[in-house]
Structures are given as structure tokens and as C-alpha cells.
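Chain by chain, the residues run as shown.
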Amino acid sequence: MPLYEYKCPHCGIFEQQHPMASVPKTVVCTQCSSKARKLISAIGLSQINSTRAKLIDSTNASAHEPQVVTSKPGTVKPARVTHNPLHTKLPRP
Ligand SMILES: [Zn+2]
């Protein structure tokens, strides 16, 4: 039987085995007896390349626990702008 992930609002993520024909969408948490919802998780990761696997992992992680940006990403230096009309004849990079 395959493992399915469930998320309890109090205890976090845990796994349970269920037959594929009868997978419940919610189960009772094994620790606090709260209602835990089934998570959608990626399957068949061995058949895809690592870049795609990283994208799927980051998408799954951000779906359930969005990351907060704490700093600005690397700043790009703006292109120098000149207003001298003679510079228009110079070759462009
Ligand atoms: Zn719980």
C-alpha cells in the first residue's frame, strides 16, 4: 500500500498507508485526534531530471508554507545613460 501525507493543523505533516482504491481526504491525527487533510505530493521523481524535481519540490513547499522574502535579491546596476548627441554614433554593446 502506498504512503499518503496528511497535515494536522497542530502537529504538522505525517504519513499513513491506505489502499489506492480508498484513500480518505481527511483522517484523524494520531497524536492529537484533530482532523488532518491529505496533501498532494509529487510521485515518480526518479524519472525526471533534478531541475524539474527541484521545481516541483519548491512548488509543493511554497503551496503549503509560503516563504517570506527577507531581503532584496541582487540589484542590477542600471545602464549608463548619456545625453550627448555625439555618443549616438558610437557602437552599442
Ligand atoms: Zn495533530
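Just so we're clear, the structure is a prediction, and the values are computed from it rather than from any experiment. (Residues numbered from 1 in each chain as written. Predicted model: local features only at pLDDT ≥ 70, side-chain atom pairs only at ≥ 80, totals over all residues. Heavy atoms only, no water.)

What is the right way to read the side chain of Gln16 from this model?
The residue Gln16 is located in strand 2 (residues 12-17) in this model. At 3.0 Å, the side chain of Gln16 and the side chain of His18 are in polar contact. Here Gln16 is in contact with Pro2, Leu3, Tyr4, Tyr6, Val27, Val28 and Thr30, once residues within four sequence places are set aside. (Helix = DSSP H or I, 4+ residues; strand = E, 2+ residues; numbered from the N terminus. Polar contact = N/O pair within 3.5 Å; in protein donor to acceptor, adjacent residues only side chain to side chain. Contact = heavy atoms within 4.5 Å.)

Help me out: how do you make sense of the coordination of the zinc ion in this one?
In a perfect tetrahedron of four donors around a metal, the angles come out at 109.5 degrees. In a perfect octahedron of six, they are 90 or 180 degrees. The protein atoms that coordinate the zinc ion are Cys8 (SG), Cys11 (SG), Cys29 (SG) and Cys32 (SG), at distances spanning 2.3 to 2.4 Å. Classification of the site at the zinc ion rests on its four donor atoms, whose angles at the metal span 103 to 115°, yielding the label tetrahedral. In the primary structure, the donors to the zinc ion are separated according to the pattern C-x2-C-x17-C-x2-C. Of the two residues, Cys11 sits in the loop between strand 1 (3-8) and strand 2 while Cys29 sits in the loop between strand 3 (26-28) and strand 4 (35-38), which places them 18 residues apart along the sequence. (Donors = N, O, S within 2.8 Å, 3.2 Å for Na, K, Ca; no water. Tetrahedral: all angles 85-135°; square planar, octahedral: opposite > 155°, others 65-115°.)

Honestly, the sheet that holds strand 1 in this entry has me stumped. Any pointers?
Strands belonging to one sheet form pairs held by backbone hydrogen bonds; the direction of such a pair is parallel or antiparallel. Across the sheet, which stays open at both edges, the four strands sit in the order 2-1-4-3 with antiparallel pairing between neighbours. The sheet is open, and its two edges are formed by strand 2 and strand 3, each paired on a single side. In this sheet, neighbouring strand axes are inclined to one another by 40° on average, regardless of whether the strands run parallel or antiparallel. In terms of strand pairing, strand 1 meets strand 4 through two bridges, oriented antiparallel. In the sheet register, Tyr6 faces strand 4, and the bridge partner there is Lys38. (Pairing = 2+ DSSP bridges. Axes fitted to C-alpha atoms, helices over the stretch in contact; angles between N-to-C directions.)

In this structure, what is going on with the packing of aromatic side chains? I would like to understand it.
The geometry of two aromatic rings is summed up by the distance between their centres and the angle between their planes. What the rule picks out here adds up to one aromatic pair. Between Tyr6 and Phe14 the ring centres are 6.1 Å apart and the planes differ by 25°, which places this aromatic pair in the stacked class. Taking the relative accessible area as the measure of exposure, Tyr6 reaches 0% and is therefore buried. A residue is classified by how much of its surface remains accessible, and Phe14, at 14% relative accessible area, is buried. (Phe/Tyr/Trp six-rings, centres within 6.5 Å; stacked < 30°, edge-to-face > 60°. Buried < 20%, exposed > 50% of the residue type's maximum accessible area, 1.4 Å probe, protein only.)

Teacher, can you tell me more about the confidence of the model for the protein chain here?
Caution applies to low-pLDDT regions: their predicted coordinates should not be interpreted in detail. Scored by pLDDT, the protein chain has a mean of 83; 92% of the residues are at 70 or more. Model confidence for the protein chain, summarised as mean pLDDT per element, is weakest for helix 1 (residues 50-64) at 82 and strongest for strand 4 at 95. (pLDDT = per-residue confidence, 0-100.)

Whenever I open this one, the nonpolar core confuses me. Can you help?
What tends to happen in soluble globular proteins is that the nonpolar side chains get buried as a cluster. If you look at the biggest cluster of nonpolar residues, it comprises seven residues: Tyr4, Tyr6, Cys8, Phe14, Val27, Cys29 and Ala36. For this core, the leading source of residues is strand 1, giving three residues. In this view, Cys8 contacts Phe14, Cys29, Cys32, Ser34 and Ala36; residues no more than four positions away in its chain are not counted. (Core = buried A, V, L, I, M, F, W, Y, C linked by side-chain atoms within 4.5 Å.)

Would you take a moment to explain the pairing of strand 1 for this structure?
Along a regular strand, successive side chains alternate from one face of the sheet to the other. Of the two faces of strand 1, only one is covered, namely that formed by Tyr4, Tyr6 and Cys8; the face formed by Leu3, Glu5 and Lys7 stays uncovered. Where strand 1 lies against strand 2, six bridges are found, and the strand directions are antiparallel. Bridge assignment links Tyr4 to a residue of strand 2, and that residue is Gln16. Here strand 1 hands over to strand 2 after three residues, the two strands then running antiparallel side by side.

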